[in-house]
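Close look at the chain arrangement
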Amino acid sequence: MKMSKMYIRTLREAPAEAVVPSHILMLRAGMIRKIVSGIYGFMPLGYRVLRKVENIVREEMDAAGGQEILMSALQPAELWQESGRWGDYGPEMWRIKDRNGREFCLGPTHEEIFTDIIRNEVSSYRQLPVNLYQIQHKYRDEARPRFGLMRSREFVMKDAYSFDRDEESLNESYQNMYDTYTRIFNRCGLEFRPVEADTGAIGGSASHEFQALTENGESTIAFCEKCDYAATDESAVCVDAPASNEEMLPLEKKSTPGTKTIEAVANYLDLPQSRTIKALLYETYDEEGSVTGYVAAFIRGDRQANETKLINALGINEYQLAFANEEKMAAVTGCVGGFTGPKGLHDCKIIVDSELPGLRNLCAGANEADCHYINMNYGRDYEADMIVNFKLVGEGDVCPECGAPLKFKRGMEVGQVFKLGTKYSKAMGAVYKDENMKEHEIVMGCYGIGVTRTLSAIVEQHHDDNGIIWPVSVAPYHVIVTVVKQKDEEAMDLADRLEKELSAKGVEVMVDDRDERPGVKFKDADLLGIPVRITVGKKAAEGIVEYRLRTDDQSVELPVGEAVAKAAAFISEGLSH
Ligand SMILES: [Zn+2]
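Report follows, based on the coordinates. What you are looking at is a predicted structure, and each value in this text was computed from that prediction instead of being measured.

Examining the overall build of the chain
A count of helices and strands for the chain gives 14 helices and 31 strands. Overall, the chain is about 95 × 65 × 50 Å in size when its C-alpha atoms are taken along their principal axes. For the chain, the residues scored as buried account for 53% of the 577 residues in total. The long-range fraction of contacts in the chain, counting pairs at least 24 apart against all pairs at least 6 apart in sequence, stands at 70%. Carbon together with sulfur atoms contributes 47% to the accessible area of the chain, which is approximately 25700 Å² in total. Where the 68 positive side-chain charges of the chain centre and where its 92 negative ones centre are 4 Å apart.

A short note on a nonpolar patch on the surface
On the surface, a nonpolar cluster with roughly 180 Å² of combined accessible area is contributed by Val237, Val239 and Val398. According to the relative accessible area criterion, Val398 is partly exposed, its value standing at 38%.

Some details on the coordination of the zinc ion
Those protein atoms acting as donors to the zinc ion are Cys224 (SG), Cys227 (SG), Cys399 (SG) and Cys402 (SG), and they sit at 2.3 Å. Positions of the donor residues of the zinc ion, expressed as sequence spacing, correspond to C-x2-C-x171-C-x2-C. A residue pair is termed long-range when its members are at least 10 positions apart, and Cys224 in strand β11 (residues 219-224) and Cys402 in the loop between β20 (386-388) and β21 (406-421) qualify at 178 residues. Cys224 gets classed as buried once you look at its relative accessible area, which sits at 2%.

Describing a negative patch on the surface
A surface patch of negative charge is lined by Asp166, Glu167, Glu168 and Glu172. Secondary-structure assignment places Glu167 in helix α6 (residues 167-187).

What about the sheet that holds strand β31 (residues 556-559)?
Strand order in the open sheet made by the five strands is β28-β27-β29-β30-β31, with mixed pairing throughout. On the outer flanks of this sheet lie β28 (509-512) and β31, each paired with one strand and no other. When the angles between neighbouring strand axes are averaged without regard to direction, this sheet yields 30°. Inspection of the sheet shows strand β29 (residues 532-536) paired to strand β30 (residues 544-549) by four bridges, in the antiparallel sense. Considered in β30, the bridge of Ile534 is made with Tyr547. Sheet strands touched by helix α14 (residues 560-575): β27 (479-483), β29, β30 and β31. Its angle to β31, the strand with the most contacts, is close to 110°.

Things to note about the pairing of β31
Remark: a regular strand shows side chains that alternate across the two faces of the sheet. Here four bridges tie β30 to β31, and the two strands are oriented antiparallel to one another. In the sheet register, Tyr547 faces β31, and the bridge partner there is Val556. Here β30 folds back onto β31 in antiparallel fashion, the turn holding six residues.

Considering the sheet that holds β20
Here five strands make up an open sheet; going across it, the order is β16-β14-β15-β17-β20 and the pairing mixed. This sheet does not close on itself; its edge strands, each paired only once, are β16 (321-323) and β20. Neighbour-to-neighbour, the strand axes of this sheet turn through a mean angle of 30°, independent of strand direction. In this structure, strand β15 (residues 291-300) lies alongside strand β17 (residues 349-353), joined through four bridges in parallel fashion.

Conventions we followed
- Residues numbered from 1 in each chain as written.
- Predicted model: local features only at pLDDT ≥ 70, side-chain atom pairs only at ≥ 80, totals over all residues.
- Heavy atoms only, no water.
- Helix = DSSP H or I, 4+ residues; strand = E, 2+ residues; numbered from the N terminus.
- Buried < 20%, exposed > 50% of the residue type's maximum accessible area, 1.4 Å probe, protein only.
- Contact = heavy atoms within 4.5 Å.
- Areas by Shrake-Rupley, 256 points an atom, 1.4 Å probe, with all protein chains shown as cover.
- Lys, Arg positive; Asp, Glu negative; His and termini not counted.
- Charge placed at Lys NZ, Arg CZ, Asp CG, Glu CD.
- Patch = residues over 30% accessible without salt bridge, like charges linked within 9 Å, V, L, I, M, F, W, Y side chains within 5 Å.
- Salt bridge = Lys/Arg side-chain N within 4 Å of Asp/Glu carboxyl O.
- Donors = N, O, S within 2.8 Å, 3.2 Å for Na, K, Ca; no water.
- Pairing = 2+ DSSP bridges.
- Axes fitted to C-alpha atoms, helices over the stretch in contact; angles between N-to-C directions.

Dropping the structure here:
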């Protein structure tokens, strides 16, 4: 394809709001355009990349036994009310009404629709297992859309759902998808890690996230260098400190004026922070946003809280927990801002981190201004409504599998697999009859890939100062033929020959025949990230061209036939894995 006829507009500078390389470079390369905050349109080159990623997903899903369907993005509220998620989903769900006032949402995910299809059509064990998938737009009204395609409000997702007769069969379906995802992300050229993940609002018993490793990722991954353990920081297990065998000392109240923080009280009493108890005060809300109660969570002073684990333990949704208004909470529970401890609190749920009962003689607030207790011991001095391990894992904490220190990396979630079990089939009545005509709930799994987000991840991992460096498998074109003087007939003939011969070998070629200075053309070729550049320059009359890979600094001069053979071999090698 001749660039003079293509709709491409590159930008020298990206808009100021773009701060991460993938967002900057895809805008500058003219691959995406912002429609409105968090919503993007795909321009010709960007759309080619999107379709290539989709096709890799499609080929691997089909090879794994998945069957592609296409459901509507608009979903009736009734199905979500049946599963109980209409209320649970919160403000991220994009809700709309039709002209008669009937409620719908723009699907953030499709468990309900797929379960509805299956319950109406599957009745016998003979019809199972089934794996259905679609590649389609999803909608989530993100509070802070940012980083271009990385966190957008409309995005393309591949979502698959498996339906099995029992757990054992689900385990096979899950492993099949896990392996398929590994192949998909390998083919997309991503460096990634599957990690244990929180099951969150979708619910279920087990989950893995596929995290592309990148500095700008929004997730933190904790992993062990000694064994295979890897998990997102919100799902990683922070191992309890070993129980202490110290004698319990007598409880003592100390005057600790003005020591409102752990650091201040530890300094004042000359204690390590690990001998203090930190209080975290929360309020909980119902689905309408009214306060339903108070929660005081206690954790060792030097630890951080993992709110996801608190939320899961409380069995509520993320938007139903927030830090308390301390004054209002004090009036109800007797807490005192900066001096709150577990002894003597009332009318609130007391959650104690799992390692505190094993530790001895700690310092905690006395629920009295400017006072702390020392030698506070669980069982003797305070109790809990719930004991929960809600410690956030820190770098260097011990691996829960082998005890070696954990390391941290940044990642970007590009896929997630879930064992849902019977959560949706139970709520929505999706059942089958076994060999003895006995009825059972269908056991489900669900499997998502953020297709547009995968594009971001690829660019985050494959770029340099000059632009994108697409892996061959997803490059919008494989080869760019840059004609230095497009008015030189011999040069244009040679470019035509290159295009024809390469195309005949299945190589996708774009020819830069624009009326631009050579410097502009070279810059654009680098920015667009086409894997191979063949320059038709001053030796065109002798049939000599310059051959350069996007990843190399140097070009080599080659007779045109050799350049064709070399490019074709390079592309075919790149497509083979
Ligand atoms: Zn380990």
